[in-house]
Amino acid sequence: MSTKHAEAATRFISNKKEESWHNETLWMVRAKRDNMAKDVPEWEQLRELSSQIKMHTISHLDKYAEQFAAAAEANGVIVHWAKDDKEHNEIVYKILSDHNAKKLVKSKSMLTEECHLNPYLEQRGIDVVESDLGERILQLDNQPPSHIVMPAIHMTRQEVGKLFEVKLGTEKGNSDPTYLTRAARQHLRNEFMTADVGMTGCNFGVAETGDVVVCTNEGNADMGTSLPKVHIVSMGLEKLIPNHKALSVYSRLLARSATGQPVTSYMSHFRKPREGCEMHIVIVDNGRSEILGNREHIQTLKCIRCGACMNTCPVYRRSGGYSYTYFIPGPIGINLGMLKNPKEYSDNVSACSLCYSCNNVCPAKIDLADQIYRWRQGLDSLGKADKMKKMMSGGMKFLFTHPSLYKTALSMAPIVNSMPRFMIYNGLNDWGKGRELPKFAKESFTSMWKKGKVQKKK
């Protein structure tokens with residue numbers, strides 16, 4: 001199996017201060033999520049309802065996709081269908097070309113990251129400006145997002161301050177968050193004013209009314225769609241929900257799960273173009289319809305991209321988003337990457353302790369850890385199983401299926417307690433890196449039981 005994730009994680013944790021800061025910051029967000037959940041008595045019922053609504057919708061996706069498109073077109077919106085990332089990018093570029101657009105201002109969208117839209121447009125002379133503060137920071141630093149909700153969570157304010165000194169000409173050594181935010185706002189204001197086209201992602205597409213719902217904390221999506229005369233929405237098929245009643249369920253779950261807020265600062269509904277303007281919705285498949293036929297992994301389509309699974313994951317928190325080879329990290333990213341290309345992204349399945357915390361916090365109740373476990377079972381058939389692990393598993397199977405040999409090995413185990421450290425912890429023992437072997441008991445439980453040393457509970 002590829003060790004790309006393990007190697008990248010090793011580099012990340014070599015900086016103990018950064019590792020600790022990243023871990024504690026994400027855990028703080030997870031704790032805020034827990035506090036918010038406790039304040040909603042019906043929280044678990046909402047999660048169950050969320051799961052059922054999503055499964056119902058994706059099980060009837062043809063019906064809801066047609067209903068959404070018809071409602072949107074009746075509202076005066078131009079609807080486009082893209083079978084893959086190539087078609088998505090071509091459609092967006094054609095809209096821009098038809099309007100002689102040279103500058104596109106975007107709100108945060110993981111789908112456009114999936115389609116590699118920015119480099120595609122930039123190669124064709126389009127100035128693409130990310131308007132989300134985190135995304136803009138990363139764009140200025142030429143980095144991809146390391147988290148799907150908090151894209152620049154891996155950067156400290158001091159690092160942002162130094163970046164802004166170079167890119168925006170801010171005061172040297174001033175990393176005050178309020179000052180940096182104001183500097184970014186001033187910088188972006190002109191970009192909004194001079195943009196030819198505005199683009200947003202989509203959190204939810206309401207099939208009954210044709211609404212597109214976009215959730216932000218900065219109002220940047222509203223700015224990007226209020227000034228330019230053309231608004232393009234990039235929407236994955238799985239973002240569809242039946243109606244506003246269903247939306248009310250997700251509006252209570254999304255922000256609480258993502259950032260520990262009761263609701264995002266802005267929950268904007270875009271139903272029709274402004275007078276004298278155009279609104280386009282590009283509905284993207286890009287492999288989603290194939291997942292519909294995959295019984296073991298169909299639940300990934302229930303994801304509402306809240307990032308809760310990342311905030312709780314002990315591996316993600318300690319290894320960082322850039323250790324994953326798929327553009328979406330964490331538990332959901334592991335599964336999506338394997339669905340995209342299992343041979344290319346198989347290294348990520350090792351980035352899971354199977355603690356099941358992701359299952360427990362997911363607002364759509366996706367069986368994330370179960371899916372990762374199933375992916376692991378299929379690594380050998382892909383030719384990606386680790387040879388050392390295969391040998392160890394084979395040896396353990398042989399030991400456990402031969403009782404006499406197992407008992408002999410158990411009786412000799414305490415010898416390890418007296419062995420020199422270098423014989424236990426060396427280059428051949430990957431498990432021992434960062435771990436300490438517990439001391440073996442002088443007498444096994446089985447032996448104690450047979451001698452009557454174990455008191456039976458009455």
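Residues numbered from 1 in each chain as written. Predicted model: local features only at pLDDT ≥ 70, side-chain atom pairs only at ≥ 80, totals over all residues. Heavy atoms only, no water.

- Identification of the protein chain as L-lactate dehydrogenase complex protein LldF from Dysgonomonas macrotermitis is taken from an unreviewed UniProt entry.

A closer look at the overall build of the protein chain
No. 1: When helices and strands are counted, the protein chain shows 22 helices and 10 strands.
No. 2: Along the first, second and third principal axes, the C-alpha set of the protein chain runs to 90 × 55 × 45 Å.
No. 3: Sequence-distant contacts in the protein chain: of pairs separated by 6 or more residues, those separated by 24 or more amount to 72%.
No. 4: A total of about 23400 Å² of accessible surface is found on the protein chain, and carbon and sulfur atoms cover 54% of it.
No. 5: Side chains of the protein chain give 63 positive and 50 negative charges; the mean places of these two sets differ by 10 Å. (Helix = DSSP H or I, 4+ residues; strand = E, 2+ residues; numbered from the N terminus. Contact = heavy atoms within 4.5 Å. Areas by Shrake-Rupley, 256 points an atom, 1.4 Å probe, with all protein chains shown as cover. Lys, Arg positive; Asp, Glu negative; His and termini not counted. Charge placed at Lys NZ, Arg CZ, Asp CG, Glu CD.)

Topic: the domain arrangement of the protein chain
Many descriptions give the size of an interface as the accessible area lost when the pieces come together.
No. 1: In terms of domains, the protein chain is made up of domain 1 (1-38 + 295-385), domain 2 (39-289) and domain 3 (396-450).
No. 2: Relative to domain 3, the C-alpha centre of domain 2 lies at a distance of 54 Å. (Domains from an automatic or database assignment.)

Let's talk about the sheet that holds strand β1 (residues 78-82)
No. 1: Strand order in the open sheet formed by six strands is β1-β10-β7-β4-β2-β3, and the pairing between neighbours is parallel. Two strands in the sheet have a free side with no partner beyond their single neighbour: β1 and β3 (127-130). Direction aside, the axes of adjacent strands within the sheet are offset by 20° on average.
No. 2: Strand direction decides the pairing type here: strand β4 (residues 197-200) and strand β7 (residues 230-236), joined by three bridges, are parallel. (Pairing = 2+ DSSP bridges. Axes fitted to C-alpha atoms, helices over the stretch in contact; angles between N-to-C directions.)

Some remarks on unusual backbone geometry
No. 1: The residue H116 is not glycine, and still its phi comes out positive at about 55°.
No. 2: Tracing the backbone shows H116 in the loop between α6 (110-114) and α7 (117-122).
No. 3: Even without a glycine there, the phi angle at K365 is positive, about 55°.
No. 4: Note that K365 resides in the loop between α17 (357-361) and α18 (368-377).
No. 5: Using a relative accessible area of 31% as the deciding quantity, one classes K365 as partly exposed. (Buried < 20%, exposed > 50% of the residue type's maximum accessible area, 1.4 Å probe, protein only.)

Some details on the pairing of strand β6 (residues 211-216)
No. 1: Among the six residues that make up β6, six are buried, leaving the element largely enclosed by the rest of the structure.
No. 2: Relative to β6, strand β5 (residues 204-206) runs antiparallel, the two sharing three bridges. Bridging from a neighbouring strand, G205 pairs with V212 of β6.
No. 3: What sits between the antiparallel neighbours β5 and β6 is a turn of four residues, in which G210 has the positive phi angle 80°.

Overview of the nonpolar core
No. 1: The biggest cluster of nonpolar side chains holds 32 residues, and the ones touching the most others in it are M310, Y316, I328, I332 and L368.
No. 2: The set of elements that each furnish at least two residues to this core consists of α2 (16-38), α14 (308-312), α16 (330-340) and α18.
No. 3: Inspection of this core shows a minimum of three residues originating in each of domain 1 (1-38 + 295-385) and domain 2 (39-289).
No. 4: When neighbours within four sequence positions are excluded, I332 is seen to be in contact with T300, C303, C309, M310 and L368. (Core = buried A, V, L, I, M, F, W, Y, C linked by side-chain atoms within 4.5 Å.)

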